[in-house]
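Descriptive structure summary
Residue strings, one per chain:
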Amino acid sequence: MTSNSQKIHAMRQPTLQSLGLGSVLEIFQNGHMPLQTAELVDEVFGPEGQRGAMVISGASGIVGAGKVMQFASRLQPYGIPIIALDLPGAPDGLAQQYKGLQASFGPKAAADIMQYVVRINYDGSSLPAALHQYNPKFLLEAIPENLALKRAHYELFRNAFPGIHIWSVTSGFPSSELGVGIAHPAFPHEINKIFEIVEENPSPQTRLLWSLGLIPLKVSDNWSFVLDVFFCGLLQACLHFCHRTNTPYWKVDKYIRKVLGPNPFRAHDVIGAKGANFLTWSCLHHLSLHYGPLYRPENQLEIRKESGQNWYPLNHFRPLVNWTLDPETEAELNTIVMGALYQMTSLMVHEHRAQPAVMNLIGEVCAQFTRGILAHCRQAGPHGVRQQVAQFHKLLPEAALSPWYPQVFDQMDSPEWQQLYVNAEHNGQVGTITIARESYNRDVDAELNRAIDWLNKQGIKSVIVTGDFHLSTQMVGADTNEFFPAIVQAEEGIRIAATWSATARRLHTEFDVSVGFIHGKRCMGGMLELLMHCHYLIAPSSVSFAMPEVTLPVLPGMEGCHWALRKCPESLRINVLHMLLTGKAVKASETVGWLLDVSGTMDQCLLKAWEIANKGAKAQAPRPFVETGFAMNSLEWAALEPTTDPALQGAREAIAACIDGACAVGLEQALPLQAKYSGEFMTTQLCRRGRVGSERDKIVNV
């Protein structure tokens, strides 16, 4: 094996390094994960038999209740009590969150988890005596956004429990003002795994989050945080447009969904307008005190932070007045929204609030942007960004009084900007390619090609392709937003399928040894098709696989209809057919020999992946690969149970035709043929009426 002392080279800094966890390549070199949860639990809460508790204050609120469920479900195996502390009259947010816990884990497991949740009330000014018996070691504070109140709260706990570790989930105050570390979570709080972490050095608590499968992201200590600048800033920009044009909020939401992905007004109502309006106002208010009028809360937000009024009236007239914006007004909306976001992004990049890849991810996963703002900036280019902000300042001259750093966009040619989603490392002999996005899109495709080019130039002929063990915890397939143009233009669907497939084939043709390693919860659709192209495919036994295209319906476009069948023994091809024609998930441990080459524990898989990457066929012979054509009568062979759903039956028949056609020809002809099948199916009524077509109509037809 390669010596651990060999120097590791990377395209850009791995985000894992910000947590003090080294690089992905080192994980494979060492043959195990860098942290063990049990050891961190001992470090944070004390040894078994003497462990203390985690306290979540403000536990009945929407943030606190969500975090109670999130931490209780993860710490239950270690017997850690979760103390849910709040005022006696606070609304019962825990009962609402319990329904979600039952849905995720089932009634019995949810009840078992709740046995470790202890509710304690207090008066807000003194701590109850009952708290002492639990020996609190870790406080996560989620009380209202009042600086004096928070400081007094910390003083209570420090006096009662010297040495307790305190984090705030604050939505705006920096650590320097609070005097504690920050773990700012994203909504929905019981589901979203991301925490923006502010602390000088990675603490055991931060590392514990990572080992529990959560996603801690290191950010700098500034007023408000990356998520809130994006989320609150977007609402502010939309309010400016509404004020100028008298456009209703729901109409702006539809257009913003088309441009960026989220519905900023609707999101506030879903979270709870009373609390969300205040938090957005608070963030913008404090930002405006430090950064000027671009962030000054618009008048309607000032009003609604007091009233708690929803942005969508319960009986609004949208169905009766669903007009479209004229081209000039739509262009004005784009200028105001994108100009404001570009200017705000320049501030955060200038202040080094986070690594570009981290900042971009926060916009996507937390603010629900279809593509991250840095990816948008990169597409526009430095000149395009400057032009947009210049036009924005003409419409809102006051915004020019706030900080604007156009020079930061001159850094776009750097690897930190060019590789927002895909990174590569090598030690001189073996390389890794890591993908830090859950769904495959045009950006990932371009960055993956650049990563392969970089490894080729470095002379690396053996590679492991995997997730990044940090920003992405699963691989859910292709980003269906990419398919919207293909719904009305078959040529676009054919182009996407052909170019993405050509990228995937590079993993097969341009390396002597390529190992696909899947470490997250699941791998599906286009991401699974991509990794199938590696010479070997490895995953721990707990990973789930699925090809859900038949349920959407779309046709697999990255050679999923023939590639796995070419690597599969004839007697086991029925398993691949069932995946393709039913869409049902299957565990990794059940796929060895027909989809995977190796499965087992995480450590076993890491060790085997590294051994194969270094020794190739000497470590394990690859499965035979059939490059010539062979006959498949897939629909008859699969012998599926009949379905009464005509859409499912139609999708099965279309996928079966693609399977039979692509398998019948040689490898060279299969790529354009399957791309044609996939692209042309996009324009059919079956696809138009399915999930992708319906979503496209809802977003594009405004």
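For every chain, the first residue of the written sequence is number 1, and numbering continues from 1 onward in sequence order. In keeping with the predicted nature of the model, local features appear solely for residues at pLDDT of at least 70, side-chain atom pairs appear and are counted solely at 80 or more, and the whole-chain, interface and lining totals rest on all residues. Water and hydrogen atoms play no part in the side-chain values, which are based on all heavy atoms of the structure.

For helices the rule is a DSSP run of H or I covering at least 4 residues; for strands it is a run of E covering at least 2, with both sets numbered from the N terminus onward. Regarding its fold elements, the protein chain presents 28 helices and 20 strands. When the backbone C-alpha atoms are referred to their principal axes, the protein chain occupies close to 75 × 65 × 55 Å. Throughout this description, buried means an accessible area under 20% of the type-specific maximum (1.4 Å probe, protein chains only), exposed means over 50%, and partly exposed covers the range between. Residues counted as buried form 59% of the 702 residues belonging to the protein chain. Every residue pair with non-hydrogen atoms within 4.5 Å of one another is taken to be in contact. If you take every contact in the protein chain between residues at least 6 apart in sequence, the share linking residues at least 24 apart comes to 76%. Computed by Shrake-Rupley with a 1.4 Å probe, the accessible areas treat only the displayed protein chains as cover when residues are assessed. Within the structure as shown, the protein chain displays about 26,900 Å² of accessible surface, and the carbon and sulfur contribution to it stands at 52%.

Nonpolar cores were defined as sets of buried Ala, Val, Leu, Ile, Met, Phe, Trp, Tyr and Cys residues, with membership established by side-chain atoms within 4.5 Å. Ranked by size, the top nonpolar core spans 172 residues in total, and within it Phe157, Phe265, Val337, Ile433, Leu528, Phe545 and Ile659 carry the most contacts. Look past the residues within four positions of Phe157 in its chain and what remains in contact with it is Val55, Leu85, Leu127, Leu131, Leu139, Pro162, Ile164 and Ile166. The next biggest cluster of nonpolar side chains, apart from the first, holds 60 residues, and it includes Leu19, Ile27, Phe469 and Ile538.

Our next topic: the domain arrangement of the protein chain. A domain assignment, automatic or from a database, supplies the domain bounds used here. Each assigned domain of the protein chain is listed here: domain 1 (37-218), domain 2 (226-416) and domain 3 (421-700). Computed over C-alpha atoms, the centres of domain 1 and domain 3 are 39 Å apart. Across the contact, six residues belong to domain 1 and five residues belong to domain 3. Of all residues in domain 1, Lys193, Trp210 and Ile215 bury the most surface against domain 3, accounting for 74% of the area lost on that side. Salt bridges are defined by distance alone: a side-chain nitrogen of Lys or Arg within 4 Å of a carboxyl oxygen of Asp or Glu. At the junction of domain 1 and domain 3, the tally comes to zero salt bridges. Here the nonpolar group is Ala, Val, Leu, Ile, Met, Phe, Trp, Tyr, Cys and Pro; Asp, Glu, Lys and Arg are the charged ones; every other residue, Gly included, is treated as polar. Taken together, the residues of the side of domain 1 that touches domain 3 break down into four nonpolar, one polar and one charged. A quick way to say it: buried area is the sum, across both parts, of accessible area lost when two parts are put together, with a 1.4 Å probe.

Below, the discussion takes up the sheet that holds strand β13 (residues 462-467). Each strand in a sheet pairs with another by means of backbone hydrogen bonds, the pair being arranged parallel or else antiparallel. With mixed pairing, seven strands are arranged side by side in an open sheet as β1-β10-β11-β13-β15-β17-β20. Each of the sheet's edge strands pairs with one partner strand only, and the pair in question is β1 (9-10) and β20 (598-600). Direction of pairing for strand β17 (residues 536-540) relative to β20: parallel, over a ladder of three bridges. Along β20, the bridge assignment pairs Pro540 with Gly600. Together, β11 (430-435), β13, β15 (513-517), β17 and β20 form the strand contacts of helix α23 (residues 602-615), whose direction differs from that of β15 by roughly 165°. For two strands to be treated as a pair, DSSP must find no fewer than two bridges joining them. Only the stretch in contact is used when fitting a helix axis, every axis being a line fitted to C-alpha atoms; angles between N-to-C directions are given from 0 to 180 degrees.

For the rest of this paragraph, the subject is helix α28 (residues 691-700). Buried residues of α28: Val692, Gly693, Arg696 and Ile699, and no others. Along the axis of α28, the buried residues cluster in a sector spanning 135°; they form a single face. Elements that come into contact with the buried residues of α28 comprise α10 (249-259) and α27 (685-688). Each direction from the helix axis to a C-beta atom contributes to the arc, which is the arc of those directions.

A word on the state of the cysteines. Each disulfide consists of one covalent bond between the sulfur atoms belonging to two cysteines. Whenever a pair of cysteine sulfur atoms sits within 2.5 Å, that pair is classed as a disulfide. Enumeration over the complete set of coordinates arrives at zero disulfides. With no disulfide of its own, Cys283 has Cys232 as its nearest cysteine by sulfur position, at a separation of 4.3 Å. Under the relative-accessibility criterion, Cys283 is labelled buried at 2%.

Here the residue pair Phe187 and Pro188 is connected by a cis peptide bond, since its omega of 0° sits within 30 degrees of zero. In this model, Leu552 is joined to Pro553 through a cis peptide bond whose omega is -15°. Looking at the secondary structure, you find Pro553 in the loop between β18 (544-546) and α21 (563-566). Located in the positive-phi region is Glu559, a residue other than glycine, with phi close to 75°. Structurally, Glu559 can be placed in the loop between β18 and α21. The exposure class assigned to Glu559 is buried, which follows from its relative accessible area of 0%.

Let us now look at the packing of α10 against helix α11 (residues 264-271). In the contact formed by α10 and α11, the axes pass within 7 Å of each other and the chain directions differ by 110°. Looking at the two axes, α10 sits roughly perpendicular to α11. Every residue of α11 that contacts α10 at Tyr249, Val252, Asp253 and Ile256 is listed here: Pro264, Phe265 and Arg266. Looking at the contact of α10 with α11, its residues break down into five nonpolar, no polar and two charged. Orientation is classified from the angle alone, with under 35 degrees giving roughly parallel, over 145 giving roughly antiparallel, 65 to 115 giving roughly perpendicular, and any other angle giving oblique.

Most of α10 sits out of view: eight of its eleven residues are buried. Taken together, the buried positions of α10 are occupied by Tyr249, Trp250, Lys251, Val252, Asp253, Lys254, Tyr255 and Ile256. Looking at the buried side of α10, the elements it contacts are α9 (226-245), α11, α13 (299-307), α14 (327-350) and α28. Phi turns positive one or two residues past the end of α10, at Gly261, with a value near 120°.

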